[in-house]
Amino acid sequence: MPRLVISMGDPAGIGTEVILKALADPAISQQAEITIAGNRNILLETYDRLDSAANPENLNLLHIETPGSITIGTGNAASGEAGFRYLETAIDRTLSGEFDAIVTAPIAKSAWKAAGHIYPGQTELLAEKAGVNRFGMMFVARSPHTDWELRALLATTHIPLSQVPEKLTREVLTLKLDLLIESLQDSFGITQPRIAIAGLNPHSGEQGQLGREEMDWISDWLAAMRQRFPQAQLDGLLPPDTMWVKPGQAWFGLGQVNAHDGYLALYHDQGLIPVKLMAFDRAVNTSIGLPFIRTSPDHGTAFDIAGKGIADATSMKAAIEFAIRLAKRKALSQSMKAI
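Residues numbered from 1 in each chain as written. Predicted model: local features only at pLDDT ≥ 70, side-chain atom pairs only at ≥ 80, totals over all residues. Heavy atoms only, no water.

Take empty space enclosed by the protein next. Tallied over the entire structure, the rule returns 1 cavity of 30 Å³ or more. Empty space within the largest cavity amounts to approximately 70 Å³. If you trace the largest cavity, you find 14 residues lining it, with Gly 13, Glu 17, Thr 46, Arg 49 and Gly 307 closest to the centre. Only α1 (15–23) and α3 (40–49) provide two or more residues apiece to the lining of the largest cavity. The residue inventory of the lining of the largest cavity, partitioned by class, reads 6 nonpolar, 5 polar and 3 charged. (1 Å grid on protein atoms, 1.4 Å probe; cavity = no way out; pocket = protein on both sides within 12 Å on 5 of 7 lines; lining within 4 Å. Points joined across faces, edges and corners; volume = space filled by probe spheres on them. Helix = DSSP H or I, 4+ residues; strand = E, 2+ residues; numbered from the N terminus. Nonpolar A, V, L, I, M, F, W, Y, C, P; charged D, E, K, R; others polar.)

Right, here's the structure in full:
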């Protein structure tokens, strides 16, 4: 049975609530050995406010003291420090072999910064502590309408839009494409994946009229990648506004659509606006390239509704279920290699 640890995220947000709501579903809690890295008192206080939730007294817990005063709905240095410590503990215990996967509840980067921890997000801390610089942020969601699975990887993540052309290099794109192909093959069993790759500019530059990056180097890069990865069908550079039409049709069941197995978006909003439009309540953020499995719900701390008992746990459930699915596949693959 997979062993999962869930870091509690920012204790001033909705992380504790969606964790307890998700673990109240026996279809989830009975699939794995699940431990929470967080604070007992905050878990109990959250439980007392909810009508339907797992009782923390019955859960495995790595209790971590929370420094300072926590005000539900207000992220600050204390809540940032707490969320940072929860995740550090989860990573350390996973690296020591105690757990097979980490599920992370949301944090607020501003609260981390207030506590003196300067990271673009949790992914970068995970990679740093794991000692890797080859990693990516992929979003996965299964349609409730058709059962089709959307998989989208971001080439660049939490940087200003003005920095994207500078940060987007041949080396970065090659690394991310390599990760995407590897993930589709190893985690999803797609041996010859079909991948759609977006252009950078509107209409993919329209022959240099709307930007020259495609003509100057990205098209040549893609041609080289088709030679490098003959096992994959690489379609692009697709106009960013129309690349998402087929995924939308596949998601909502609008006719017979031959959608791709994976999508490579070149910057944050180019990938996440369509993903969140289709799958806001059920998308999962998974970090690929790490030596362990990591998943997270695709939403933030939602300070505005924290403590009100109205947070939707669907994405947290999906994150836990996806971590279990990946852990089982990894264990099966390792057992087959050992034969």
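As a further point, take the packing of helix α4 (residues 77–95) against helix α6 (residues 122–130). Look at α4 against α6: their axes get within 11 Å of each other, and the N-to-C directions meet at 40°. Taken as a pair, α4 and α6 cross one another with a handedness that is right-handed. On α6, the residues that touch Phe 84, Leu 87, Glu 88, Ile 91, Asp 92 and Leu 95 of α4 are Gln 122, Leu 125, Leu 126, Lys 129 and Ala 130. The class makeup of the residues in the contact of α4 with α6 is 7 nonpolar, 1 polar and 3 charged. (Axes fitted to C-alpha atoms, helices over the stretch in contact; angles between N-to-C directions. Left-handed = near helix turned anticlockwise from the far one by under 90°. Contact = heavy atoms within 4.5 Å.)

All right, on to the UniProt feature "binding site: substrate" (unreviewed entry) in the protein chain then. In the numbering used here, UniProt assigns the "binding site: substrate" (unreviewed entry) feature to Thr 123, Lys 276, Asn 285 and Arg 294. Within the secondary structure, Lys 276 is located in helix α11 (residues 268–279). Topologically, Asn 285 is positioned in strand β10 (residues 284–288). Ignoring sequence-local partners within four residues, the contact set of Asn 285 consists of Met 137, Met 138, Phe 139, Arg 294, Thr 295 and Ser 296. (UniProt positions renumbered as here; feature names shortened; annotations may be inferred.)

This brings us to the sheet that holds strand β7 (residues 194–198). Ordered by their spatial adjacency, 11 strands build an open sheet running β3-β2-β1-β4-β11-β10-β5-β6-β9-β7-β8, and the pairing between neighbours is mixed. Each having just a single partner strand, β3 (60–63) and β8 (233–238) make up the two edges of the open sheet. Between one strand axis and the next, the sheet turns by 25° as a mean value, whatever way the strands run. Sheet topology note: the strand β5 (residues 136–142)/strand β6 (residues 149–154) ladder contains 6 bridges and is antiparallel. Residue Phe 139 lies in a different strand from β6, and its bridge partner there is Ala 152. (Pairing = 2+ DSSP bridges.)

Our focus in this paragraph is the side chain of Asp 10. Structurally, the position occupied by Asp 10 is in the loop between β1 (3–7) and α1. A distance of 2.8 Å separates the side chain of Asp 10 from the backbone nitrogen of Ala 12, its partner in a polar contact. In this structure the side chain of Asp 10 is engaged in a polar contact, spanning 3.0 Å, whose partner is the side chain of Ser 79. (Polar contact = N/O pair within 3.5 Å; in protein donor to acceptor, adjacent residues only side chain to side chain.)

We now examine the pattern of salt bridges. Throughout the structure, instances matching the rule amount to 16 salt bridges. Ionic pairing is found between Arg 3 and Asp 100, a salt bridge with its closest N-O pair at 2.8 Å. Of this pair, Arg 3 sits in strand β1 while Asp 100 sits in the loop between α4 and β4 (101–104); the two residues are 97 residues apart in sequence, bridging distant segments of the chain. Residue classification places Asp 100 among the partly exposed positions, given a relative accessible area of 27%. For Glu 88, the salt bridge identified is with Lys 129, shortest N-O distance 4.0 Å. Of this pair, Glu 88 sits in helix α4 while Lys 129 sits in helix α6, placing them 41 residues apart in sequence. Given the relative accessible area of 28%, Lys 129 is considered partly exposed. One connected set of salt bridges, linked through shared partners, spans Arg 142, Asp 147, Glu 149, Arg 151 and Arg 325. (Salt bridge = Lys/Arg side-chain N within 4 Å of Asp/Glu carboxyl O. Buried < 20%, exposed > 50% of the residue type's maximum accessible area, 1.4 Å probe, protein only.)

All told, the structure shown has 5 aromatic pairs when counted by the stated rule. Arranged with centres 6.1 Å apart and planes meeting at 80°, the rings of Trp 112 and Tyr 119 form a pair that is edge-to-face. On the accessibility criterion, Trp 112 (1% relative accessible area) is buried. Both rings, one in Phe 188 and one in Phe 322, keep their centres 6.0 Å apart while their planes meet at 25°; by these two values the pair is stacked. (Phe/Tyr/Trp six-rings, centres within 6.5 Å; stacked < 30°, edge-to-face > 60°.)

Turning our eyes to something else, we now look at the UniProt feature "binding site: a divalent metal cation" (unreviewed entry) in the protein chain. The UniProt record marks His 158, His 203 and His 268 with the feature "binding site: a divalent metal cation" (unreviewed entry), using the residue numbering of this structure. The largest pairwise C-alpha distance within this set of annotated residues, which runs over 111 residues, is 23.4 Å, so the set is dispersed in three dimensions. Checked against the element boundaries, His 158 lands in the loop between β6 and α7 (164–167). The class of His 158 is partly exposed, set by a relative accessible area of 31%. Setting aside its immediate chain neighbours within four residues, His 158 contacts Lys 109, Pro 120, Met 137 and His 268. Along the polypeptide, His 203 turns up in the loop between β7 and α9 (213–228). You can call His 203 partly exposed: its relative accessible area is 43%. Excluding anything up to four places from it in sequence, His 203 contacts Leu 210, Pro 239, Pro 240 and Asp 241.

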